[in-house]
Amino acid sequence: MAPMPVSDIKIGHIDDVQELRKSKSSYIPERFIRDTTERPKFDKGVVCSTKNIPVIDLSKLFRGNKDEFLNEILKLTVSCQEWGFFQVINHGIDLELLESIENVAMEFFMMPLEEKQKYPMVPGTVQGYGQAFVFSEDQKLDWCNMFALGLEPHYLRNPKLWPTNPSNFSGTVEEYSREIRKLCKNLLKYIAISLDLNEDVFEEMFGVAVQAVRMNYYPACPRPDLVLGLSPHSDGSALTVLQQGKGNSVGLQILKDNSWIPVQPIPNALVINIGDTIEVVTNGRYKSVEHRAVTHKEKDRLSIVTFYAPSYEIELGPMQELVNANNPCKYRRYNHGEYSKHYVTNKLQGKKTLDFAKIKLDQEFKY
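Residues numbered from 1 in each chain as written. Predicted model: local features only at pLDDT ≥ 70, side-chain atom pairs only at ≥ 80, totals over all residues. Heavy atoms only, no water.

- In the nomenclature of an unreviewed UniProt entry, the chain corresponds to 2-oxoglutarate (2OG) and Fe(II)-dependent oxygenase superfamily protein from the organism Forsythia ovata.

**Description of the environment of asparagine 158**
And step 1. By the secondary structure assignment, asparagine 158 is in the loop between strand S4 (145–152) and helix H6 (169–194).
And step 2. Through-space distance from the C-alpha of asparagine 158 to that of glutamine 127 is 8.1 Å; in sequence the pair is 31 residues apart. (Helix = DSSP H or I, 4+ residues; strand = E, 2+ residues; numbered from the N terminus.)

**Here's the deal with the environment of aspartate 225**
And step 1. Considering the arrangement of structural elements, one finds aspartate 225 in the loop between strand S5 (210–218) and strand S6 (230–233).
And step 2. Spatially, the C-alpha atoms of aspartate 225 and histidine 296 are 8.9 Å apart, while their sequence positions differ by 71 residues.
And step 3. In this structure the side chain of aspartate 225 is engaged in a polar contact, spanning 2.7 Å, whose partner is the side chain of arginine 223. (Polar contact = N/O pair within 3.5 Å; in protein donor to acceptor, adjacent residues only side chain to side chain.)

**Some thoughts on the pattern of salt bridges**
And step 1. Scanning all chains against the criterion turns up 14 salt bridges.
And step 2. Taking the shortest distance from any N to any O, the salt bridge between arginine 157 and glutamate 174 comes out at 2.6 Å. Separated by 17 residues along the polypeptide, arginine 157 in the loop between S4 and H6 and glutamate 174 in helix H6 bring together distant segments of the chain.
And step 3. We note a salt bridge from aspartate 355 to lysine 358, for which the minimum N-O separation is 3.9 Å.
And step 4. Classification of aspartate 355 by relative accessible area gives partly exposed; the value is 35%.
And step 5. On the basis of relative accessible area, lysine 358 is assigned to the partly exposed category, the value being 33%.
And step 6. Put simply, Arg34, Glu38 and Asp142 are held in one network by salt bridges that share partners. (Salt bridge = Lys/Arg side-chain N within 4 Å of Asp/Glu carboxyl O. Buried < 20%, exposed > 50% of the residue type's maximum accessible area, 1.4 Å probe, protein only.)

**Here's the deal with the packing of helix H4 (residues 95–109) against H6**
And step 1. Put simply, H4 and H6 touch, their axes get as near as 10 Å, and they point 140° apart. With respect to H6, the element H4 is oriented oblique. Viewed along their axes, H4 and H6 form a crossing whose handedness is left-handed. Residues Leu97, Leu98, Ser100, Ile101, Val104 and Phe108 of H4 touch H6, and the partners they reach there are Phe169, Thr172, Val173, Glu175, Tyr176 and Glu179.
And step 2. Split by residue class, the contact of H4 with H6 holds eight nonpolar, two polar and two charged. (Axes fitted to C-alpha atoms, helices over the stretch in contact; angles between N-to-C directions. Parallel < 35°, antiparallel > 145°, perpendicular 65-115°, else oblique. Left-handed = near helix turned anticlockwise from the far one by under 90°. Contact = heavy atoms within 4.5 Å. Nonpolar A, V, L, I, M, F, W, Y, C, P; charged D, E, K, R; others polar.)

**A few points about H4**
And step 1. For H4, spanning 15 residues, the distance from its first C-alpha to its last is 21 Å, which sits close to the expected 21 Å at 1.5 Å a residue.
And step 2. Sitting at the amino-terminal end of H4 is aspartate 94, which places a side-chain oxygen 2.7 Å from the backbone nitrogen of glutamate 96. (Expected span 1.5 Å × (residues − 1).)

**What to know about the packing of aromatic side chains**
And step 1. Within the structure shown, the criterion is met by 17 aromatic pairs.
And step 2. Here the aromatic rings of phenylalanine 108 and tyrosine 129 are separated by 5.9 Å at their centres, their planes lie at 70°, and the arrangement is edge-to-face. Note that phenylalanine 108 is positioned in helix H4 and tyrosine 129 in strand S3 (residues 128–130), a separation of 21 residues in sequence. The two residues phenylalanine 108 and tyrosine 129 agree in class, both being buried.
And step 3. Plain terms: the ring middles of tyrosine 334 and tyrosine 339 are 5.6 Å apart, the flat faces sit at 50° to each other, and that makes the pair tilted. Tyrosine 339 shares its class with tyrosine 334; the two are buried.
And step 4. Three or more aromatic residues joined by ring pairs form one cluster here, namely Phe108, Phe109, Tyr119, Tyr129, Phe147, Phe169 and Tyr217.
And step 5. Here lysine 256 stacks its cationic end above the ring of tryptophan 83, 4.6 Å away from the centre of that ring. (Phe/Tyr/Trp six-rings, centres within 6.5 Å; stacked < 30°, edge-to-face > 60°. Lys NZ or Arg CZ within 6 Å of the ring centre and 35° of its normal.)

**Focus: the sheet that holds strand S9 (residues 259–262)**
Backbone hydrogen bonds hold the strands of a sheet together, and the pairing may be parallel or antiparallel.
And step 1. The four strands lie next to each other as S6-S11-S8-S9, forming an open sheet whose pairing is antiparallel. Where the open sheet ends on each side, the last strands, each with one partner, are S6 and S9. Within the sheet, the average angular offset between the axes of one strand and its neighbour, ignoring direction, is 25°.
And step 2. Here two bridges tie S6 to strand S11 (residues 291–293), and the two strands are oriented antiparallel to one another. Bridge assignment links leucine 230 to a residue of S11, and that residue is alanine 293. (Pairing = 2+ DSSP bridges.)

Here you go:
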């Protein structure tokens, strides 16, 4: 979520993909059809490699013995260094709450279009219902409907965008978000330990963390080979927590070794990914990873994503402990609010937004 919106953006007509799905037509509007180089390839052979995507058992970090704890920290280190993504099991969040947030999200997306349009995402902003990161009339669109809300701090909230229907929507989102916030704080402690740093270093550095939630609905598409559910990008957050809808098709893919690897959902697990912020403060030791979503010909898909990031007032840069002669400083210091504004005012385009923080080769930098 950015601290400031962008105004006077002309985005042209955007078809609602759920309405396109209801029409049962095989027609795909031109704005959704990707250039040949961007189209997904559904190679069944790739699926086998997903067994390597790390799984972290948080119960071994919460209450395991010393050996279990150290082994899980080592797995976390490898996850952050080599993948930038991992799934967490035994995370301690009530499974009924996970089911409840899915239910209210589905109820919202199943409402009539005119009801959802009472909570519009204004062009250049990232709260409300619609499509985010659209900045021109000819930009390619994602086969996805989004509903996003700022959560913390409370000044980010736009009360007009919080739906009254379903009646339990707000209460469920509040409870869910509190639990996800606790999870993020714990994960950052363990990530700090994996770097041989003080476990509270990120909490002290980030101030009052910014938190936002975005619900994504990907209707089935008659030509999944022509479209993308969500364009390739890395996240500007510190951590992102993804809940994939129970029983949904596989949609999330991550870029590893120049190949798109599908992430097979584990029942009741949550998917965690490292955001650009962690890449910067660890001076590139832990890297954010490009990811995207693809669609399915017959099945709809739901995901619920939480973004956890530093306060907009905070100045960030690589930690001195992680800068040395063998790993010189790769990123400049910057205000996180300025980076967040930069992130949400550019279309999703791989890791391009991270150029904002990178030190240019001809740029002198004194840490």
